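Residue-level listing of the chains:
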Amino acid sequence: MDLRLVCKRLNEYANLSIACDWDNVGLLVEPSEPLLVTKMFLTNDLTEPVLEEAIKKEVNLIVSYHPAIFRPLKKLTQSDWKERSIVKCIEKRIAIYSPHTSWDCIEGGINDWILSAFETKKIEPVEPISNLIHPSGFTKNVKINVSSDIQENLVKNVTLTDSIRFIGAKKLIQSNEADFFEMEFLTSPKGVVALMESIRSLNNSDLNAFSSLRITNMEKPLMKNSGLGRLGYLSKPLRLKEVVEKVKSHFQMKTIRLAIANGKSLGRSLSLKPVDIFKFLFKKFYFDYHLKKTCFVKKIF
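Residues numbered from 1 in each chain as written. Predicted model: local features only at pLDDT ≥ 70, side-chain atom pairs only at ≥ 80, totals over all residues. Heavy atoms only, no water.

Turning our attention to the overall build of the chain. Counting its secondary structure elements, the chain contains eight helices and 15 strands. Counting every position in the chain, which comprises 301 residues, the buried fraction comes to 41%. Put simply, of all contacts in the chain between residues at least 6 apart along the chain, 77% involve residues at least 24 apart. (Helix = DSSP H or I, 4+ residues; strand = E, 2+ residues; numbered from the N terminus. Buried < 20%, exposed > 50% of the residue type's maximum accessible area, 1.4 Å probe, protein only. Contact = heavy atoms within 4.5 Å.)

Glancing now at the pairing of strand E2 (residues 40–43). For a regular strand, the rule is simple: side chains alternate between the two faces of the sheet. In E2, alternate side chains face the same way, and those of Phe41 and Thr43 are buried while those of Met40 and Leu42 on the opposite face are not. With four bridges joining them, E2 and strand E3 (residues 61–64) adopt parallel strand pairing. Of the residues in E3, the one forming a bridge with Thr43 is Ser64. Crossover E2 to E3 through helix H2 (residues 48–56) is right-handed. (Pairing = 2+ DSSP bridges. Right-handed = clockwise from strand over helix to strand, strands pointing away.)

For Thr101, the location among the structural elements is in helix H4 (residues 101–105). For Thr101, a relative accessible area of 1% gives the class buried. Setting aside residues no more than four positions away along its own chain, Thr101 makes contact with Ala19, Cys20, Trp22, Asp23 and Val25.

For the bond running from Glu33 to Pro34, omega is -5°, close enough to zero to count as cis. By secondary structure assignment, the location of Pro34 is in the loop between strand E1 (26–29) and E2. In this model, Arg93 sits at a positive phi of 55°, which is unusual for a non-glycine residue. Inspection of the secondary structure puts Arg93 in the loop between helix H3 (81–91) and strand E4 (95–98). A residue is classified by how much of its surface remains accessible, and Arg93, at 31% relative accessible area, is partly exposed. Not every positive phi belongs to a glycine, and His100 is a case in point at roughly 35°. Inspection of the secondary structure puts His100 in the loop between E4 and H4.

What follows covers the sheet that holds E4. Two pairing modes exist for strands in a sheet, parallel and antiparallel, and in both the strands are linked by backbone hydrogen bonds. Spatial ordering of the open sheet is given by E1-E4-E3-E2, a layout of four strands whose pairing is mixed. Bordering the open sheet on either side are E1 and E2, each of which pairs with just one other strand. For this sheet, the mean inter-axis angle between neighbouring strands, taken without regard to orientation, is 25°. The strands touched by helix H1 (residues 3–13) within the sheet are E1, E2, E3 and E4, with E4 carrying the most contacts at an inclination of about 10°. (Axes fitted to C-alpha atoms, helices over the stretch in contact; angles between N-to-C directions.)

The next subject is helix H8 (residues 240–251). Between its terminal C-alpha atoms H8 stretches 17 Å, which fits the 16 Å expected from 12 residues at 1.5 Å a residue. Among the residues of H8, Leu240, Val243, Val244, Val247, Lys248 and Phe251 are the ones counted as buried. Taken down its axis, H8 places every buried residue within 130° of arc, on the same side. One or two steps after H8, the chain reaches Gln252, where phi turns positive at roughly 55°. (Expected span 1.5 Å × (residues − 1). Arc of directions from axis to C-beta.)

Moving on to the nonpolar core. Counting residues in each nonpolar core, the largest one holds 20 residues, and the members touching the most others are Leu3, Leu10, Ile18, Leu61, Val63, Tyr97 and Trp103. Elements supplying a minimum of two residues to this core: H1, E3, E4, H4 and strand E10 (222–234). Looking at this core, the element that brings in the most residues is H1, giving four residues. In this structure, Leu51, Ala54, Ile86 and Cys89 belong to the second largest nonpolar core, which totals 16 residues. (Core = buried A, V, L, I, M, F, W, Y, C linked by side-chain atoms within 4.5 Å.)

Now the structure itself:
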């Protein structure tokens, strides 16, 4: 499959626009065309041993969860392991794609997988994010007050395309000369310009026609079950020791690092009530138990 088509499919799964603005996601290394992807290699981090394994397997594309290029590179030399890895990928014609926080944010992504270690009755994002576009497909709401003669001609003459949609006209006031209507349109940014040109041509370039012009951005609704972090409401109370064991089992880890409030321990009666919330911010394994004391000590369990 062509590399561009593979990237398109990956972006359809998790749109890169929902990644954090500080992140560096998407296609990070693109060899010269044409590049047909026959083998993909998925990794958490593109280290040199991982790259050597990928080369042995003759892959064309490495999907590295963490960006192989994060900070700007001023040079590509053999003195740094990250730079060496990028140079070798270019030499071997291996593309690199990183989804990072876009996979964290989507429903069913990394955050939801982390939370699946527990039985929950409700899950919601810590920081919800808005949809990329308004459900209508437009970005601007345009309202303008015009006289009845302009209103009739505007409806007839304005070119209603994918960038302009006429919503309706509401009668406002009646004067001795003419009736006035509030006309409403939905447009794209380019559609606003086209609509203004139509109004100007019908009004003989009289700028007073724009004195009542109101242009507002369409408010985008929040994405369902998508966003940074997750709040999970437990189905039943859990002792801290149970939480630790579930996390270790889920991640197949022998130990985890945990911060416990002073005076608390794994063996005491510390438990999570069903209404309590534990937080996973991004992909870090930190828990917030709403304990009364705020002095924490790091321990390894």
